[in-house]
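Listed below are the residues making up each chain.
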Amino acid sequence: MKFKKISVSDIKNSCSNNAYLKGRDYFQQSKVIKLRATHETESTVILSACVSGSHSQHYNQTITFTKTGYYLKINGRCSCPVAYNCKHVVAACLAYKAEKSQQNTDTKKACLNWLYSLGETGKHPDASQEFAAYVLHQREAGGKYLLSLFTTREKKQGGLAA
């Protein structure tokens, strides 16, 4: 999803409290059978999902997330009798939220592993030789980073030359 994340409050605000509580139980019971993003842009995501109901009946959902400013609107259609923003839609939304959170965690771990690997060569540069260095600045609390590259050399008294 291009927009940052789906929050639990976004899901709660779009569905009734009863649908949220039952849908959370369905998600925790792993009743989401299929989940796939069929369309993703900066402001819209469309999901196709299938959730197992209480009597092993399978229900299909088409869920649209629309981001407008700071607000996320969830429009979930389901083949169950309730038909709109029901417990099956909630379960699918929570599964998508969990999937996106896991992807973000995996990406962060991969970046950190790459950064740590840069210092594992065991070689120390010759103090007279220039080498490439980088500075990684976190620009926003949400995880945007700025990478600055430059060449430098080690000073005799320690530190790096400007």
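Residues numbered from 1 in each chain as written. Predicted model: local features only at pLDDT ≥ 70, side-chain atom pairs only at ≥ 80, totals over all residues. Heavy atoms only, no water.

Q: Residue-level account of the overall build of the protein chain, with values.
A: For the protein chain, the helix and strand inventory stands at three helices and six strands. Along the chain direction, N to C, the helices and strands of the protein chain fall in the order α-α-β-β-β-β-α-β-β. Counting over 162 residues, the protein chain shows a buried share of 28%. At a minimum sequence separation of 6, the contacts of the protein chain that also span at least 24 residues come to 39%. In the structure as shown, the protein chain presents an accessible area of about 11100 Å², 51% of it carried by carbon and sulfur atoms. (Helix = DSSP H or I, 4+ residues; strand = E, 2+ residues; numbered from the N terminus. Buried < 20%, exposed > 50% of the residue type's maximum accessible area, 1.4 Å probe, protein only. Contact = heavy atoms within 4.5 Å. Areas by Shrake-Rupley, 256 points an atom, 1.4 Å probe, with all protein chains shown as cover.)

Q: Explain the packing of aromatic side chains residue by residue, including any values.
A: Scanning all chains against the criterion turns up one aromatic pair. The positively charged end of K31 is found above the aromatic ring belonging to Y26, 4.6 Å away from the centroid. (Phe/Tyr/Trp six-rings, centres within 6.5 Å; stacked < 30°, edge-to-face > 60°. Lys NZ or Arg CZ within 6 Å of the ring centre and 35° of its normal.)

Q: Lay out unusual backbone geometry in plain terms, naming residues and giving numbers.
A: Phi is mostly negative for residues that are not glycine, and the peptide bonds are mostly trans. Positive phi, close to 55°, is recorded for S30, a residue that is not glycine. Along the chain, S30 falls in the loop between α2 (17–28) and β1 (32–40). Since its relative accessible area comes to 61%, S30 is described here as exposed.

Q: Could you give me a rundown of the nonpolar core, with the residues and numbers involved?
A: Counting residues in each nonpolar core, the largest one holds 27 residues, and the members touching the most others are I11, I63, F65 and C93. When residues of this core are assigned to their parent elements, the largest contribution, eight residues, is made by helix α3 (residues 87–118). Not counting chain neighbours up to four residues away, the residues in contact with C93 comprise I11, I63, F65 and I74. (Core = buried A, V, L, I, M, F, W, Y, C linked by side-chain atoms within 4.5 Å.)

Q: So what about the pairing of strand β3 (residues 58–68)? Which residues, and what values?
A: Relative to β3, strand β2 (residues 44–52) is paired through nine bridges, and the arrangement is antiparallel. In the sheet register, T44 faces β3, and the bridge partner there is T66. Between β2 and the antiparallel strand that follows it, β3, lie five residues; S56 among them carries a positive phi value of about 60°. Pairing analysis gives eight bridges linking β3 to strand β4 (residues 71–78), with the strands arranged antiparallel. Its bridge partner lying in β4, K67 is registered against L72. (Pairing = 2+ DSSP bridges.)

Q: Describe in detail the environment of A95, supporting the description with residues and values.
A: By the secondary structure assignment, A95 is in helix α3. The buried category is assigned to A95, whose relative accessible area is 13%. A sequence separation of 65 residues divides A95 from S30, and the C-alpha atoms of the two residues are 8.7 Å apart. Beyond its immediate chain neighbours, meaning those up to four positions away, A95 contacts F27, V32 and L35.

Q: Could you give me a rundown of the sheet that holds β3, with the residues and numbers involved?
A: Overall, antiparallel pairing links the four strands, which are arranged β1-β2-β3-β4 in an open sheet. This sheet does not close on itself; its edge strands, each paired only once, are β1 and β4. Shown here is a sheet whose adjacent strand axes are inclined to one another by a mean of 20°, direction ignored. (Axes fitted to C-alpha atoms, helices over the stretch in contact; angles between N-to-C directions.)

Q: Go over a nonpolar patch on the surface with me, naming the residues and quoting the values.
A: On the surface, Y134, L136, Y145, L147 and L149 cluster together into a nonpolar patch covering about 520 Å² of accessible area. Where the nonpolar patch is concerned, the elements lending two or more residues are β5 (131–138) and β6 (145–152). For the nonpolar patch, the element with the most residues is β6, which contributes three residues. Mapped onto the secondary structure, Y145 falls in strand β6. (Patch = residues over 30% accessible without salt bridge, like charges linked within 9 Å, V, L, I, M, F, W, Y side chains within 5 Å. Salt bridge = Lys/Arg side-chain N within 4 Å of Asp/Glu carboxyl O.)

Q: Please set out the environment of Y134 residue by residue, giving values where relevant.
A: Considering the arrangement of structural elements, one finds Y134 in strand β5. With 15 residues separating them in the primary sequence, Y134 and L149 have C-alpha atoms 4.4 Å apart.

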